[in-house]
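# Topology and contacts: notes
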Amino acid sequence: MEEMMSLAATAAGWVGALGTATAYGLVSRRVVAPESATFQSLNLSGATLLGVSAAATGSWPAVAANFVWVLISVMALISARGVVDAVRRRLRPRRGGAPVPEDHRADEPAEAVPCRLAAEV
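Presented here is an overview of the structure given in this document. Quick caveat, the model's predicted, so the values are computed rather than measured. (Residues numbered from 1 in each chain as written. Predicted model: local features only at pLDDT ≥ 70, side-chain atom pairs only at ≥ 80, totals over all residues. Heavy atoms only, no water.)

We now examine the side chain of Gln 40. Topologically, Gln 40 is positioned in helix H2 (residues 37–57). Assessed through its relative accessible area of 8%, Gln 40 is described here as buried. (Helix = DSSP H or I, 4+ residues; strand = E, 2+ residues; numbered from the N terminus. Buried < 20%, exposed > 50% of the residue type's maximum accessible area, 1.4 Å probe, protein only.)

See below:
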């Protein structure tokens, strides 16, 4: 059983190495863009498999490095899908302190929202 796990970890490492090398080669030859989902997905899967292989052999520095690589890929994929920008737009306050509406475009000025002071009521 232990030999089977070792073989699976080795295979995962080789597939992960092939995936990250393929991603780098595709970007270097300008076949895909560095911000593309293809590149980031190859990096994500490759780093995950390399991390699994490194963990199985107890190579903790490699596990840590691949964990960081996975985080970078996940954040790039989220950013590429516009999730980070949408959250930033949603949380950005207007001049009056009220949040910017979801349908507000960044290049348009926000409309003033009328409000009454307590003394006017």
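Picking up where we left off.
Mapped onto the secondary structure, Trp 69 falls in helix H3 (residues 60–80). In sequence terms Trp 69 and Thr 48 are 21 residues apart; their C-alpha atoms lie 8.5 Å from each other. Beyond its immediate stretch of four places on either side in the chain, Trp 69 contacts Asn 43 and Ala 47. (Contact = heavy atoms within 4.5 Å.)

Right, let's get into helix H1 (residues 2–28). Compared with an ideal rise of 1.5 Å per residue, which puts 27 residues at 39 Å, H1 spans 39 Å between its outermost C-alpha atoms and is within 8% of the ideal. Three or more residues of H1 are buried, namely Ala 9, Ala 12, Gly 13, Gly 16, Gly 19, Thr 20 and Ala 23. Packing partners of the buried residues in H1 comprise H2. Just downstream of H1, Arg 30 is the residue with a positive phi angle, here 60°. (Expected span 1.5 Å × (residues − 1).)

For the rest of this paragraph, the subject is the side chain of Asn 66. One can find Asn 66 in helix H3. Given a relative accessible area of 14%, Asn 66 falls into the buried group. The contacts of Asn 66, once residues within four sequence positions are left out, are Ala 47, Leu 50 and Gly 51.

Let us now look at the packing of H2 against H3. The relative placement of two packed helices comes down to the angle between their axes together with the axis-to-axis distance. Two numbers describe how H2 lies on H3: the axes approach to 8 Å, and their chain directions differ by 160°. Between H2 and H3, the angle is such that the two are roughly antiparallel. The hand of the H2/H3 crossing is left-handed. Packed against H2, whose contacting residues are Ala 37, Gln 40, Ser 41, Asn 43, Leu 44, Ala 47, Thr 48, Leu 50, Gly 51, Ala 54 and Ala 55, the element H3 presents Trp 60, Ala 62, Val 63, Asn 66, Trp 69, Val 70, Ser 73, Val 74, Ala 76 and Leu 77 at the interface. Residues that form the contact of H2 with H3 fall into these classes: 14 nonpolar, seven polar and no charged. (Axes fitted to C-alpha atoms, helices over the stretch in contact; angles between N-to-C directions. Parallel < 35°, antiparallel > 145°, perpendicular 65-115°, else oblique. Left-handed = near helix turned anticlockwise from the far one by under 90°. Nonpolar A, V, L, I, M, F, W, Y, C, P; charged D, E, K, R; others polar.)

Residues Phe 67, Val 68, Leu 71 and Ile 72 make up a contiguous nonpolar surface patch of about 390 Å² in total accessible area. Here Leu 71 shows up in helix H3. Owing to a relative accessible area of 43%, Leu 71 belongs among the partly exposed residues under this scheme. (Patch = residues over 30% accessible without salt bridge, like charges linked within 9 Å, V, L, I, M, F, W, Y side chains within 5 Å. Areas by Shrake-Rupley, 256 points an atom, 1.4 Å probe, with all protein chains shown as cover. Salt bridge = Lys/Arg side-chain N within 4 Å of Asp/Glu carboxyl O.)

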